[in-house]
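Take a look at the letters that make up each chain.
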Amino acid sequence: MAFAIDFGNGSLGSCTNATFAAGNGGTYQCDSVTITGAVTFNAGQSAVVILSRSSIDITGSISLNGLNGGNGATGAAIDTNGAIGGAGGNNGGSYLGAFGNDERNGRSGSGSTPGGGGTGQISVVFSGAGGGGGGNGSAGASGAAGSGVAGSGGSLSSSLTGGSGGGAGGAGDDGLFSYAPGVGGGGGGFLTLRSATSISIAGTLNANGGNGGNGDTRSGGGGGGSGGSILLQALSGVDVNGTVNLGGGAAGVGPSANAGGAGGVGRIRIETSGGSNINTSGITITSGVSIETSDLFTNSFQGKLATGCGSIDIDNNSGGNQFLTFLLILILSLALPAITKLKHKS
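In every chain, residue numbers begin from 1 and rise along the written sequence. Residue-level local features of this predicted model are given only where pLDDT is at least 70; pairs of side-chain atoms are given and counted only at 80 or more, and the full residue set underlies all totals for whole chains, interfaces and linings. Side-chain numbers here rest on the full set of heavy atoms in the structure, without hydrogens or water.

Chemist: For this particular structure, what's the right way to read the state of the cysteines?
Modeler: Note on terminology: disulfide describes a covalent bond linking the sulfur atoms of two cysteines. Whenever a pair of cysteine sulfur atoms sits within 2.5 Å, that pair is classed as a disulfide. Inspection of every chain in the model, using the stated rule, returns 1 disulfide. The residue that forms a disulfide with C15 is C30, at a sulfur-sulfur distance of 2.1 Å. On the sign convention where negative is left-handed, the bridge of C15 and C30, at about -95° about the S-S bond, is left-handed. Of this pair, C15 sits in strand β1 (residues 14-15) while C30 sits in strand β2 (residues 26-30), placing them 15 residues apart in sequence. Only runs of H or I of at least four residues qualify as helices and only runs of E of at least two qualify as strands under DSSP, and these elements are numbered from the N terminus.

See the structure below:
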């Protein structure tokens, strides 16, 4: 099926670093885009969609990184929020120790494939388990068990989405004191650049996951958030000779064989007319990230871009839709001569 592609209305004119200085997420309607310095979109914002009616040229940097999880501390009755995801990314798992002894487990991160929380316990000698890393372009790693059950790593994502958060570790106890765990790192953000002409990236794009927080004495480490996602769409071509960082966050340290799991890497997808004129020969990219390419007009990812922590779903019926489009064109072409003849008679 051929998609109608929206390149915006250009209402913001020529967009530069100053256009994005506030760091807000959402959709930007530009006539052209030139970024020469550092642009950072604030964590916790919605996904970033930059539309341009002409070229997009990046010689500076764009960053949508997830934040690092907080470290554990003495005293299990502590509430600690998970780290915030980058713009369009998802938050890490939290620890709600103040709710009582039945709440000593770490919470899972958020997102489509988050890391799980590790189990915890106090009032007995116990090493809380590590939280799992969030998944996206690759699976996150599971935490280490300690005395409990480790948080599982998030799986490989089946959709283009903001990074998933890592899970929090579990609380621990050494017989003298109890300890709150490290919490999960935030997932990397979701960036879309779409041009009616071309995209050139000679600078740097960052959508890394945040690190998991470290455990304290007997508490588990938090899982790292996964790397986020980048979608580049242009009619005439895309040239990427810069750096693309989509790394997963590091695992939080576990002092008692109870570390968290590292986050999985992120994803990048490039779409042009016919899937041609894509040059990535000079790219420097996070190890383990595969560059996905496709035709802009008949691509398998639907054009419903995220404005929050959403995703672009896979369309597995593009072949059937293309056939229906062809059939409709054929019927109209056969009927047009007869319609024209009738109009002349009238």
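Chemist: Is there a simple way to think about the pairing of strand β14 (residues 190-195) in this case?
Modeler: Two faces, one strand: in a regular strand the side chains alternate between the faces of the sheet. Among the 6 residues that make up β14, 6 are buried, leaving the element largely enclosed by the rest of the structure. On β14, burial covers both faces: F190, T192 and R194 on one face and L191, L193 and S195 on the other are all buried. Following DSSP output, two strands are said to pair if at least two bridges run between them. Across 5 bridges, the pairing between strand β5 (residues 48-52) and β14 is parallel. Residue pairing across strands places V48 opposite L191, the latter belonging to β14. Here β14 pairs with strand β17 (residues 229-234) via 6 bridges, running parallel. Pairing of T192 across the sheet is with L231, part of β17. Under the scheme applied here, a residue whose accessible area is under 20% of the maximum for its type counts as buried, over 50% as exposed, and between as partly exposed, the area being computed with a 1.4 Å probe on protein chains only.

Chemist: Hey, could you run me through the pattern of salt bridges in this one?
Modeler: Should their charged atoms come close, side chains of opposite charge can pair. Note on definitions: salt bridges are taken to be side-chain nitrogens of Lys or Arg within 4 Å of carboxyl oxygens of Asp or Glu. Counted according to the given criterion, the structure contains 4 salt bridges. The residue D31 makes a salt bridge to R53 at a minimum N-O spacing of 3.9 Å. You can see D31 sitting in the loop between β2 and β3 (32-35) and its partner R53 sitting in the loop between β5 and β6 (56-58), a full 22 residues away along the chain.

Chemist: Could you clarify how one ought to interpret the packing of aromatic side chains in this entry?
Modeler: Two rings from Phe, Tyr or Trp (for Trp, the six-membered ring) form a pair when their centres are within 6.5 Å of each other. A pair whose planes differ by under 30 degrees is stacked, one over 60 is edge-to-face, and the rest are tilted. Applying the stated criterion across every chain, the model contains 3 aromatic pairs. Ring centres of F20 and Y28 lie 4.8 Å apart, and the angle between their planes is 65°; on these two criteria the pair is classed as edge-to-face. Judged by relative accessible area, F20 falls into the buried class, the value being 1%. Residue Y28 is classed as buried on the basis of its relative accessible area, which comes to 10%. Here the aromatic cluster, defined as three or more aromatic residues joined through ring pairs, consists of F20, Y28 and F41.

Chemist: How should I be thinking about the nonpolar core in this particular structure?
Modeler: Generally speaking, a soluble globular protein has its nonpolar side chains buried in company with each other. By convention a nonpolar core is built from buried Ala, Val, Leu, Ile, Met, Phe, Trp, Tyr and Cys residues, the set being connected through side-chain atoms within 4.5 Å. In terms of nonpolar packing, the biggest core is built from 33 residues, with F20, F41, I50 and L232 touching the most fellow members. The biggest single contributor to this core is β17, with 3 residues. The contact definition used throughout considers only heavy atoms, calling two residues in contact when any of these lie within 4.5 Å. Residues contacting I50, with those up to four places away along its chain left out, are F20, Y28, C30, V33, F41, I56, L191, T192, L193 and R194. In terms of nonpolar packing, the next biggest core, distinct from the first, is built from 7 residues, Y95, I122, A168 and V183 among them.

Chemist: Whenever I open this one, the environment of N91 confuses me. Can you help?
Modeler: Mapped onto the elements, N91 comes out in the loop between β9 (79-80) and β10 (95-96). On the basis of relative accessible area, N91 is assigned to the partly exposed category, the value being 36%. Through-space distance from the C-alpha of N91 to that of G185 is 7.1 Å; in sequence the pair is 94 residues apart. Contact partners of N91, with chain neighbours within four places excluded, come to A83, I84, G85, G109, S110, G165 and G186. Distance and chemistry together define a polar contact, namely a pair of N or O atoms within 3.5 Å, with one atom able to donate a hydrogen and the other to accept it when in protein, and with adjacent residues in sequence counting only for side-chain atoms on both sides. A distance of 2.9 Å separates a polar atom in the side chain of N91 from the backbone nitrogen of G85.

Chemist: Even after reading the chapter, I still don't get unusual backbone geometry, so can you show me in this structure?
Modeler: Leaving glycine out, the prevailing phi sign among residues is negative, and the prevailing peptide bond configuration is trans. Backbone geometry places A257, a non-glycine residue, at a positive phi of 55°. Structurally, A257 is set in the loop between β19 (243-245) and β20 (267-272). Here the phi dihedral of N277 falls at roughly 55°; this positive angle occurs in a residue that is not glycine. With respect to the secondary-structure elements, N277 resides in the loop between β20 and β21 (278-279). Looking at N277, the relative accessible area reads 56%, which means it is exposed.

Chemist: Can you walk me through the sheet that holds β14 in this structure?
Modeler: Sheets are built from strands that pair by backbone hydrogen bonding, the pairs being arranged parallel or antiparallel. Taken in spatial order, the 6 strands line up as β2-β5-β14-β17-β20-β23 in an open sheet, and their pairing is parallel. Two strands bound the open sheet, and with one partner strand each, they are β2 and β23 (291-295). Put simply, the sheet's adjacent strands are angled 10° from each other on average, direction ignored. Whenever a helix is involved, its axis is fitted only over the stretch in contact; in every case the axis is a line through C-alpha atoms, and angles between N-to-C directions fall within 0 to 180 degrees.

It is worth stressing that arrangement in space is one thing and function is another; only the former is reported here.
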